[in-house]
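Spelled out, the chains give:
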Amino acid sequence: MEADKIRESIKRSAQELFRKFGYHKTSVNEIAKRTKIAKATIYKYFESKEAILHSLLMDYIQVSVDELIHTDTPDMDEETHLTNLIMKTCRLSYTVCNEFIGWDFIRESTNSQEFLRNLSNELEDLLVSSFMRLTGMRKHESYQQRIRFLIKCSKNIVFSFAFTSVSDADVRKNFVSFQKEILPYLVKAAITVN
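Residues numbered from 1 in each chain as written. Predicted model: local features only at pLDDT ≥ 70, side-chain atom pairs only at ≥ 80, totals over all residues. Heavy atoms only, no water.

**Remarks on the overall build of the protein chain**
Each helix and strand in the protein chain was counted, giving nine helices and zero strands. Ordered by position from the N terminus, the helices and strands of the protein chain form the series α-α-α-α-α-α-α-α-α. Looking at the 194 residues of the protein chain, the share that counts as buried comes to 42%. A separation of at least 24 residues holds for 67% of the contacts in the protein chain among residues at least 6 apart in sequence. In the form shown here, the protein chain has an accessible surface area of approximately 10900 Å², with 52% of it arising from carbon and sulfur atoms. (Helix = DSSP H or I, 4+ residues; strand = E, 2+ residues; numbered from the N terminus. Buried < 20%, exposed > 50% of the residue type's maximum accessible area, 1.4 Å probe, protein only. Contact = heavy atoms within 4.5 Å. Areas by Shrake-Rupley, 256 points an atom, 1.4 Å probe, with all protein chains shown as cover.)

Now the structure itself:
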């Protein structure tokens, strides 16, 4: 196997195991066994299990952000576009937590919460720069700060109810509540210039 194929094979095996058992319950030994390579070979390509997860997530997020930014119609007004962008971002964050890491581990582990915080900051930077580039709104730093504030508020609200919800049904109910009762006010505040 050439290096890129081995790296992709490791990531594919890890992703399958993370989805099936969660990040916390998957060991590097199991990833190596599923990939049919030695454990030491994994460390030749990835520094740690966390590095594998980070690589998987960044691949997933990059594709998802590209889709998020470019799927809205060009005639969509700014408020609708931002609302859609925030909701898609919230769903993306939920998918990352649900499919790749596992809620139990996230709620119980300080390390995973720090990892998620860093990942979410990277996602925020990517979204802000992509949105500003797409809308051609590079001229106003205050506008960029308001968009960043909107994303930070939304992200913090979504993570707070995701961390405190007992079931997936609670998380979905909170998403709907956020979308209908909170997000419209946050978007209006972000785009309104005094």
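What follows continues from the structure just given.
**Structural notes on the pattern of salt bridges**
According to the stated counting rule, one finds four salt bridges in the structure shown. For Asp 59, the salt bridge is made with Lys 11, and the minimal N-O distance between the two is 2.3 Å. Of the two residues, Asp 59 sits in helix α4 (residues 49-70) while Lys 11 sits in helix α1 (residues 3-21), which places them 48 residues apart along the sequence. According to the relative accessible area criterion, Lys 11 is buried, its value standing at 5%. Ionic contacts of the salt-bridge type, sharing partners, join the residues Glu 8, Lys 11 and Asp 59 into one network. (Salt bridge = Lys/Arg side-chain N within 4 Å of Asp/Glu carboxyl O.)

**Digging into the UniProt feature "DNA-binding region" (unreviewed entry) in the protein chain**
Under the UniProt annotation, "DNA-binding region" (unreviewed entry) lies at residues 27-46. Counting secondary structure, residues 27-46 comes out at 75% helix and 0% strand; the distance between its end C-alpha atoms is 14 Å. (UniProt positions renumbered as here; feature names shortened; annotations may be inferred.)

**Some details on unusual backbone geometry**
Within the chain, Lys 36 stands out as a residue other than glycine whose phi angle is a positive 65°. The residue Lys 36 is located in the loop between α2 (28-35) and α3 (39-45) in this model.

**Points about the confidence of the model for the protein chain**
For the protein chain, per-residue confidence averages 79 on the pLDDT scale, and 80% of positions sit at 70 or higher. Summarising per-element confidence for the protein chain, the mean pLDDT is lowest in helix α6 (residues 103-108) (64) and highest in α2 (96). (pLDDT = per-residue confidence, 0-100.)

**Concerning the packing of aromatic side chains**
Aromatic rings considered in pairs are described by the distance between their centres and by the relative angle of their planes. Per the counting criterion, the structure on display carries one aromatic pair. One residue, Lys 49, lies across the ring of Tyr 23, its end atom 4.3 Å from the ring centre. (Phe/Tyr/Trp six-rings, centres within 6.5 Å; stacked < 30°, edge-to-face > 60°. Lys NZ or Arg CZ within 6 Å of the ring centre and 35° of its normal.)

**Some remarks on α1**
Along its 19 residues, α1 runs 27 Å from first to last C-alpha, staying within 8% of the 27 Å computed at 1.5 Å per residue. The complete set of buried residues in α1 reads Ile 6, Ser 9, Ile 10, Lys 11, Ser 13, Ala 14, Leu 17 and Phe 18. Of the residues flanking the end of α1, it is Gly 22, one or two places downstream, whose phi is positive at about 90°. (Expected span 1.5 Å × (residues − 1).)

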